[in-house]
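The primary structure of each chain is shown beneath.
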Amino acid sequence: MNQPAHLLLVLPCYNEEEILQKTNQTLQAYFGELLQAGLIGSESKICFVDDGSRDRTWALIETICKENTNAIGLKLSRNFGHQSALLAGLEHHAGQFDCYITIDADLQDDIRAIENMLLKNREGARIVYGVRDDRSTDSWFKRQTAESFYGLMQNMGVPVVFNHADFRLIDDRVLHEFQNYRETNMFLRGMFPLIGFRSDKVFYKRLKREAGQTKYPLSKMMLFAWNGITSFSTTPMRMVLYFGLFNFFISLLILGYAVSAFFFKETVPGWTSTLLPLTFFSGSNMVAVGLIGEYVGKIYEEVKARPRFIIEKTV
Ligand code: UDP
Ligand code: MG
């Protein structure tokens, strides 16, 4: 008989007042089932991380923690973003649990997958990725943008698991190793595959958000994708290099033509032939400099080594 694992469930919450109570009720009922089934230990907890919400989210978390002995709350001092909120919940409790599962507060990721994650963990997987194999409840637009996001990431050499977001189980050892990754620009779903160890996947159907608005509009999603690519891949920079080499080759041809024209043809000082290459090459130079600037900016961010989150208080 396997010892039941002490589980910490981490939920990042940003302006989630409309859904928190319901989320907690659903989770409490489900935790009861897991306890009964002997899948989790009695010390298991649910941790709500308030990511600097401007609504009543923290007040609700305080109430929930008063009413439920297995609920914990963390309040970040401002909005640090989804990734930092997750990390705060994990790192603050490192060493205290056997395994950790992160899941969005709207429970769009089917909680029924948790039991499968726990089973895979028993079988020896230290990381279990939740993978959405059915997105039919997402809007067409969300699905297209999200899936092209994963495709683009993989093409750029970022080690993401296709259609896996941040619904995953890690055990305490993985969390311990993860803490040695000290970067500020965090793209968690690309970082866990780097840690290694035995991993597995569970599949589930993505559900509809039941209340409240998405906190990931298109602009934020694009920013997130861009952050993921520039944090993991130098492919964009290499593409600039190839483009530069191509330009260089073309300019050699132009040079050859100009020299032979000088000797064998009547050369008329040309305005177009001067202006065109001039604008073209100065344009491509700009692109290159801009992209390099992007990476220099990243170095700047990392060198500063600012804290990735600050916990204001706990209950
Ligand atoms: N979230 C957060 N900080 C932010 C944005 C989002 O903690 O700055 C949380 C949010 O409360 C939710 C999760 O991240 O629990 C995922 O957000 P959402 O459900 O809005 O994204 P979607 O499912 O639409 O991609
Ligand atoms: Mg959601």
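Above this text sits the structure in question.
Definitions and cut-offs
Residues numbered from 1 in each chain as written. Chains lettered and ligands numbered in written order. Predicted model: local features only at pLDDT ≥ 70, side-chain atom pairs only at ≥ 80, totals over all residues. Heavy atoms only, no water. Helix = DSSP H or I, 4+ residues; strand = E, 2+ residues; numbered from the N terminus. Rg over C-alpha atoms; globule rule 2.2 N^0.38 Å. Buried < 20%, exposed > 50% of the residue type's maximum accessible area, 1.4 Å probe, protein only. Contact = heavy atoms within 4.5 Å. Donors = N, O, S within 2.8 Å, 3.2 Å for Na, K, Ca; no water. 1 Å grid on protein atoms, 1.4 Å probe; cavity = no way out; pocket = protein on both sides within 12 Å on 5 of 7 lines; lining within 4 Å. Points joined across faces, edges and corners; volume = space filled by probe spheres on them. Nonpolar A, V, L, I, M, F, W, Y, C, P; charged D, E, K, R; others polar. Core = buried A, V, L, I, M, F, W, Y, C linked by side-chain atoms within 4.5 Å. Near = heavy atom within 4 Å. Polar contact = N/O pair within 3.5 Å; in protein donor to acceptor, adjacent residues only side chain to side chain. Areas by Shrake-Rupley, 256 points an atom, 1.4 Å probe, with all protein chains shown as cover. Salt bridge = Lys/Arg side-chain N within 4 Å of Asp/Glu carboxyl O. Pairing = 2+ DSSP bridges. Expected span 1.5 Å × (residues − 1).

**Points about the overall build of the chain**
The helix and strand inventory of the chain stands at 10 helices and 8 strands. By the compact-globule yardstick of 20 Å for 315 residues, the chain is too spread out, its C-alpha radius of gyration being 25 Å. For the chain, the C-alpha atoms occupy an extent of roughly 95 × 40 × 40 Å along the three principal directions. The 315 residues of the chain split such that 44% are buried. Summarising the internal contacts of the chain: among those between residues at least 6 apart in sequence, 82% fall at separations of at least 24.

**Here we look at the coordination of the magnesium ion (ligand 2)**
Protein-derived ligands of the magnesium ion (ligand 2) are Asp-106 (OD) and Gln-108 (OE1), with the metal-ligand distances lying across 1.9 to 2.0 Å. With respect to burial, Asp-106 and Gln-108 carry one shared label: buried.

**Remarks on the layout of surface pockets**
Where empty space is left in the structure can be found by rolling a water-sized probe over the atoms. In this structure, the second largest pocket occupies an estimated 230 Å³ of space. Looking at the second largest pocket, it is lined by 11 residues, and the ones nearest its centre are Tyr-257, Ala-258, Val-268, Gly-270 and Ser-273. For the lining of the second largest pocket, the secondary-structure elements that each account for two or more residues are helix H9 (235–264) and helix H10 (272–304). It is H9 that provides the largest number of residues to the lining of the second largest pocket, a total of 4 residues. Its residues assigned to classes, the lining of the second largest pocket shows 7 nonpolar, 4 polar and no charged.

**Topic: the nonpolar core**
In this structure, Ile-170, Phe-187 and Phe-192 are the most contacted members of the largest nonpolar core, which totals 40 residues. Per-element accounting of this core gives the leading share, 5 residues, to helix H3 (residues 82–91). Setting aside anything within four residues of it in sequence, one finds Ile-170 in contact with Leu-90, Cys-99, Tyr-100, Arg-126, Ile-127, Leu-175 and Phe-192. Grouped together as the second largest cluster of nonpolar side chains are 36 residues, Phe-31, Ile-64, Phe-167 and Val-202 included.

**A closer look at the environment of Arg-143**
For Arg-143, the position within the fold is in helix H5 (residues 140–155). With a relative accessible area of 25%, Arg-143 lands in the partly exposed category. Between the C-alpha atoms of Arg-143 and Ile-72, which are 71 residues apart in sequence, the distance is 33 Å. When sequence neighbours within four positions are dropped, the list of residues in contact with Arg-143 reads Arg-135, Ser-136 and Asp-138.

**Some points on the site of ligand 1**
Around ligand 1 sit 19 residues in total, of which Glu-16, Asp-51, Asp-106, Thr-214 and Lys-215 are the nearest. One of the side-chain nitrogen or oxygen atoms of Arg-206 is found 3.0 Å away from an oxygen atom of ligand 1. Here an oxygen atom of ligand 1 sits 2.9 Å away from a polar atom, N or O, in the side chain of Arg-209. Relative to its unbound accessible area of 540 Å², ligand 1 is 95% covered by the protein chains.

**Some details on unusual backbone geometry**
Of note, Leu-107 is a non-glycine position whose phi angle comes to about 50°, a positive value. Here Leu-107 lies in the loop between strand E4 (99–102) and helix H4 (113–122).

**Considering the pattern of salt bridges**
Evaluation of the coordinates by the stated rule reveals 14 salt bridges. Several salt bridges share partner residues, and in doing so they unite Glu-16, Asp-106, Arg-209 and Lys-215 into one network.

**With respect to the pairing of strand E6 (residues 164–171)**
Looking down a regular strand, the side chains alternate between one sheet face and the other. Of all 8 residues making up E6, 8 are buried, and the element is well covered by its neighbours. In the sheet, E4 pairs with E6 via 4 bridges, with the strands oriented antiparallel. Looking at E6, one finds that Tyr-100 is bridged to Ile-170. Of the strand pairs in this sheet, strand E5 (residues 127–134) and E6 are connected by 4 bridges, and their pairing is antiparallel. Along E6, the bridge assignment pairs Tyr-129 with Arg-168.

**Describing helix H8 (residues 218–232)**
The end-to-end C-alpha separation of H8 is 21 Å, in line with the 21 Å expected for 15 residues at 1.5 Å each. Every buried residue belonging to H8 is among Met-221, Phe-224, Ala-225, Gly-228, Ile-229, Thr-230 and Phe-232, and all of these are buried.

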